[in-house]
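Below, each chain spelled out in residue letters.
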Amino acid sequence: MNIVPSLQVKVNRIVDGSTSFNDVVDVGILRQKAEVAYVLRFMNALEFNGVLLKTDGEFDALIAVVVWQAYLSSLSRYRIVCALRSVGMDAQADNFARCGLNVYNLKCCHCGYVHEVEFHCKLRVCRSCGVTRQYEMVDAWRDGLLSIGELRFVTLTLKNVVDLDAGVKKIRSCFTKLRHRKYYVSRIYGGLYAIECPVGKDGLWNVHLHFVYGGRYIPQPKLADDWEKITGDSRVVDIRKVKCVDRSVRYLVKYACKVDVGAMVADGKLGEYMSALYNVRLVQAFGTLLGRRTVDDTLFLCPECGECVWRVVEAATGYVVFDGLEYIRSRASPMF
Ligand SMILES: [Zn+2]
Ligand SMILES: [Zn+2]
């Protein structure tokens, strides 16, 4: 993937007025301060002199910042693609590269109406897919959580680990052991947990687990003692009452869905993160919450004729991928 041509396209769009500054600034993934000298050098490298010559100083600076943001965004995407390829995840790299593009269309089998669909890669490193996932999780679990009683938010930590895969397995099994102890069975009825794995200051994996549960009060010192007995070395735990369910669930899934790409790339950890956690569930319901997921099974009806029999076609070629798909559900986002 060559990042410069895609950036040039963005710059051209600013110049010819077909996109606004906000659109371009919003694509910035890394929030780094732009250094004017770098920006100017970069713009020169693009042979992009027109705007600098024609406009006043303030406008130049604004354009430069916008260009720099767009550059960082492209660079971040480029690094993710490289990291995926470096661990042999070529199919995922291709999917990530085309996330957000109109790769497929839905065509109504009844009246011929064409509905454009954006492709979603659904990878954890993808920022736009991560945000969508957060809101889906809140919608899916809010009602279920509210139905299991008074809620509390708990954080359980582990000492930082070298091996990410082993760390995730360890915290999951320790959490299961904790819940299965007699004392906790009578206090933790059910809930939702999420495993989070950023890179710690020491360069090791800082694996920890958050969960929201419905049930009875547990004193923090008792929880810390028991967690230390189970893990063998970790006693840092936190427990507090949930004031707002939406906020708690969003917090819970936010970090499990969001990856600090910049920090992981700097530490050379992104490839390991992607390969160790691919297809590994990081957010999971347990106990009485199981089976209480709110399923959005709204049919996607044709806005023209009201039918719901669709054909999925490739946008570029018109090639029919699926035919007569009768139930395209909710967001009109096919599952591929
Ligand atoms: Zn129709
Ligand atoms: Zn995506």
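Residues numbered from 1 in each chain as written. Chains lettered and ligands numbered in written order. Predicted model: local features only at pLDDT ≥ 70, side-chain atom pairs only at ≥ 80, totals over all residues.

Q: Requested: an account of the overall build of the protein, with residues and values cited.
A: Across its full length, the protein holds 13 helices and 9 strands. A burial count over the protein gives 27% of its 336 residues as buried. Counting only contacts in the protein whose residues sit at least 6 apart along the sequence, the fraction spanning at least 24 positions is 73%. (Helix = DSSP H or I, 4+ residues; strand = E, 2+ residues; numbered from the N terminus. Buried ≥ 20, exposed ≤ 12 C-beta atoms within 10 Å, placed from the backbone. Contact = placed C-beta atoms within 7 Å.)

Q: Kindly report on the environment of Gly287, identifying the contributing residues and their values.
A: Tracing the sequence through the fold places Gly287 in strand β7 (residues 283-287). When the C-alpha positions of Gly287 and Arg179 are compared, they lie 9.2 Å apart, and in sequence the two are 108 residues distant. Those residues within four positions of Gly287 in sequence are excluded, and the remaining contacts are Ile188, Tyr189, Gly190 and Gly191.

Q: Before we move on, can you summarise the pairing of strand β1 (residues 104-108) with the specific residues and values?
A: Of the two faces of β1, the one holding Tyr104, Leu106 and Cys108 is buried and the one holding Asn105 and Lys107 is not buried anywhere. Pairing of β1 with strand β2 (residues 114-117) involves 4 bridges; the strand directions are antiparallel. For Tyr104, the partnering residue across the bridge sits in β2 and is Val117. A loop of 5 residues connects β1 with β2, the two strands running antiparallel in sequence, and Gly112 in this loop sits at a positive phi of about 90°. Note that β1 and strand β8 (residues 310-314) share 5 bridges and pair antiparallel. Bridge pairing in β8 links Leu106 to Val312. (Pairing = 2+ DSSP bridges.)

Q: Explain the nonpolar core to me, using residue names and the numbers behind them.
A: Across soluble globular proteins, nonpolar side chains show a tendency to be buried alongside one another. Ranked by size, the top nonpolar core spans 48 residues in total, and within it Ile80, Leu192, Ile195, Val212 and Val249 carry the most contacts. Here this core spans two domains, and each of domain 1 (3-86) and domain 3 (148-287) adds at least three residues to it. Ignoring sequence-local partners within four residues, the contact set of Ile195 consists of Val168, Ile171, Arg172, Val207, Leu209, Ala256 and Leu282. In this structure, Tyr104, Leu106, Val117 and Cys302 belong to the second largest nonpolar core, which totals 6 residues. (Core = buried A, V, L, I, M, F, W, Y, C linked by C-beta atoms within 7 Å. Domains from an automatic or database assignment.)

Q: Which residues make up the sheet that holds strand β4 (residues 188-196), and what are the values?
A: Taking strand neighbours across the sheet as the criterion, the 5 strands line up as β6-β3-β5-β4-β7 in an open arrangement whose pairing is antiparallel. Every other strand in the sheet has two partners, leaving β6 (237-241) and β7 as the edge strands with one partner each. Between one strand and the next, the sheet's axes are offset by a mean angle of 20°, whatever the strand orientation. Here β4 runs beside β7; their pairing, made up of 5 bridges, is antiparallel. When the bridges of β7 are listed, Gly191 appears paired with Phe286. With respect to the sheet, helix α8 (residues 164-180) is in contact with β3 (151-157), β4, β5 (208-215) and β7, its orientation differing from that of β4 by roughly 170°. (Axes fitted to C-alpha atoms, helices over the stretch in contact; angles between N-to-C directions.)

Q: Account for α8, naming residues and giving values.
A: With 17 residues, α8 extends 25 Å between its outermost C-alpha atoms, agreeing within 8% with the 24 Å of an ideal straight helix rising 1.5 Å per residue. Those residues of α8 that fall on the buried side of the exposure criterion are Leu164, Gly167, Val168, Ile171, Phe175 and Leu178. Seen from one end, α8 has its buried residues packed into an arc of 100°, which puts them on one side. Projecting away from the buried face of α8 at angles above 90 degrees are the exposed residues Ser173, Thr176 and His180. (Expected span 1.5 Å × (residues − 1). Arc of directions from axis to C-beta.)

Q: I'd like to hear about the environment of Gly191, residue by residue, with values.
A: You can see Gly191 is positioned in strand β4. Linking Gly191 and Arg152, residues 39 residues apart in sequence, is a C-alpha distance of 9.4 Å. Every residue in contact with Gly191, bar those within four places of it in the chain, is listed here: Phe211, Val212, Tyr213, Gly214, Phe286, Gly287 and Leu289.

Q: With reference to specific residues and values, describe unusual backbone geometry.
A: A negative phi holds for most residues other than glycine; trans holds for most peptide bonds. Non-glycine residue Lys122 carries a positive phi angle of around 60°. In this fold, Lys122 is placed in the loop between β2 and α7 (127-146). Despite not being glycine, Asn279 has its phi angle at roughly 65°, a positive value. Mapped onto the fold, Asn279 is located in the loop between α13 (270-277) and β7. Owing to 4 C-beta atoms within 10 Å, Asn279 belongs among the exposed residues under this scheme.

Q: Any details on the confidence of the model for the protein? Residues and values, ideally.
A: With 73% of its residues at a pLDDT of at least 70, the protein reaches an overall mean of 79. Residue range residues 49-58 is modelled with pLDDT below 50. Its contacts to residues more than four positions away, or to other chains, number 6 contacts. (pLDDT = per-residue confidence, 0-100.)

Q: How would you summarise α13 if you had to cite specific residues and measurements?
A: Every buried residue of α13 is accounted for by Leu270, Tyr273 and Met274. Projected onto a plane normal to the axis of α13, the buried residues spread over an arc of 95° and lie on a single side. Immediately beyond the C-terminal end of α13, within one or two residues, lies Asn279, with a positive phi of roughly 65°.

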